[in-house]
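Listed below, chain by chain, are the residues.
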Amino acid sequence: MLYHHTSYTELLTYFPPCPIKNEEDLEKTQAVVDSILDKRELTESEEDYLNLLGILIYEYESKQDLVPDIYGVELLKVLIAELNLKEKDLVPIFKTESIVSDVLKGKRKLTVEHIQKLAEFFNLSPAVFFPENPLDRDFLEVA
């Protein structure tokens, strides 16, 4: 999309801002934003128009579940994969490789002690291993 408008009215006519309802709308809006940002210097009208489009993009993205609530064993699996770890790397936390394996397979649940040690090992807050919804605590083994 080539951009060549300068007045606010021309910008509104060229691409009338409206609520973004899907990914296609988002891509079109982002393309307009990108084409305006390709200019070196922006006029006040262009800045105002970009601000309006930015609000629409923000509104849409804030309603999307872009980052699912990953916690407990699922979070542990992601961390293991991201850091290219092996089950044996977690033996100091779980005491045996069979316990690590059982936890990862869902045969055993994490304990509070596991979560504390995992938080230290990965240099994270223990809170990241808990779900956002406090009622969803079935992943935790209470001693």
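Cut-off values and rules
Residues numbered from 1 in each chain as written. Predicted model: local features only at pLDDT ≥ 70, side-chain atom pairs only at ≥ 80, totals over all residues. Heavy atoms only, no water. Helix = DSSP H or I, 4+ residues; strand = E, 2+ residues; numbered from the N terminus. Buried < 20%, exposed > 50% of the residue type's maximum accessible area, 1.4 Å probe, protein only. Contact = heavy atoms within 4.5 Å. Areas by Shrake-Rupley, 256 points an atom, 1.4 Å probe, with all protein chains shown as cover. Core = buried A, V, L, I, M, F, W, Y, C linked by side-chain atoms within 4.5 Å. Salt bridge = Lys/Arg side-chain N within 4 Å of Asp/Glu carboxyl O.

Colleague: Give me the lowdown on the overall build of the protein, citing residues and values where you can.
Modeller: From N to C terminus, the protein includes seven helices and two strands. Of all 143 residues assigned to the protein, the portion counted as buried reaches 31%. For the protein, the proportion of contacts with a sequence separation of at least 24, taken over those separated by at least 6, is 61%. A total accessible area of about 9800 Å² is found for the protein, and carbon and sulfur atoms account for 53% of it.

Colleague: Can you tell me about the side chain of histidine 114, naming the residues and giving the values?
Modeller: Inspection of the secondary structure puts histidine 114 in helix α7 (residues 112-122). Residue class for histidine 114 comes out buried when judged on its relative accessible area of 9%. Leaving out residues up to four positions away in the same chain, histidine 114 has contacts with Ile93, Phe94 and Lys109.

Colleague: How would you explain the nonpolar core if you had to name every residue and give the values?
Modeller: Leu76, Leu90, Phe94, Leu110, Leu118, Phe122 and Phe129 are the most contacted members of the largest nonpolar core, which totals 18 residues. Of all elements in the fold, only α4 (72-82), α5 (91-94), α6 (97-105) and α7 reach the threshold of two or more residues within this core. The residues contacting leucine 76, other than those within four sequence positions of it, are Leu90, Phe94, Leu104, Leu118 and Phe122. By size, the runner-up hydrophobic cluster in this structure holds 13 residues, among which are Leu11, Ile20, Tyr49 and Leu50.

Colleague: Tell me about the pattern of salt bridges, and please be specific about residues and values.
Modeller: Counting across every chain of the model gives five salt bridges. Here lysine 28 and glutamate 24 are joined by a salt bridge, their closest N and O atoms 3.2 Å apart. Of this pair, lysine 28 and glutamate 24 both sit in helix α2 (residues 23-37), separated by four residues, roughly a single helical turn. The class of lysine 28 is partly exposed, set by a relative accessible area of 40%. The residue lysine 95 makes a salt bridge to glutamate 113 at a minimum N-O spacing of 3.9 Å.

Colleague: Describe the environment of glycine 106, naming the residues involved and giving the relevant values.
Modeller: Mapped onto the elements, glycine 106 comes out in the loop between α6 and β1 (110-111). For glycine 106, a relative accessible area of 58% gives the class exposed. Spatially, the C-alpha atoms of glycine 106 and valine 73 are 7.8 Å apart, while their sequence positions differ by 33 residues.

Colleague: Break down unusual backbone geometry for me, citing the residues and quoting the values.
Modeller: One non-glycine residue, lysine 95, lies in positive phi territory at about 85°. By the secondary structure assignment, lysine 95 is in the loop between α5 and α6. You will see that asparagine 123, though not glycine, has its phi angle at about 55°, which is positive. In this structure asparagine 123 comes out as exposed when scored by relative accessible area, which is 70%.

Colleague: Any chance you could break down the environment of glutamate 87 for me, citing the residues and the numbers?
Modeller: With respect to the element layout, glutamate 87 can be found in the loop between α4 and α5. On a C-alpha basis, the gap between glutamate 87 and serine 101 in space is 7.0 Å, while along the polypeptide they are 14 residues apart. Every residue in contact with glutamate 87, bar those within four places of it in the chain, is listed here: Glu97, Val100, Ser101 and Leu104.

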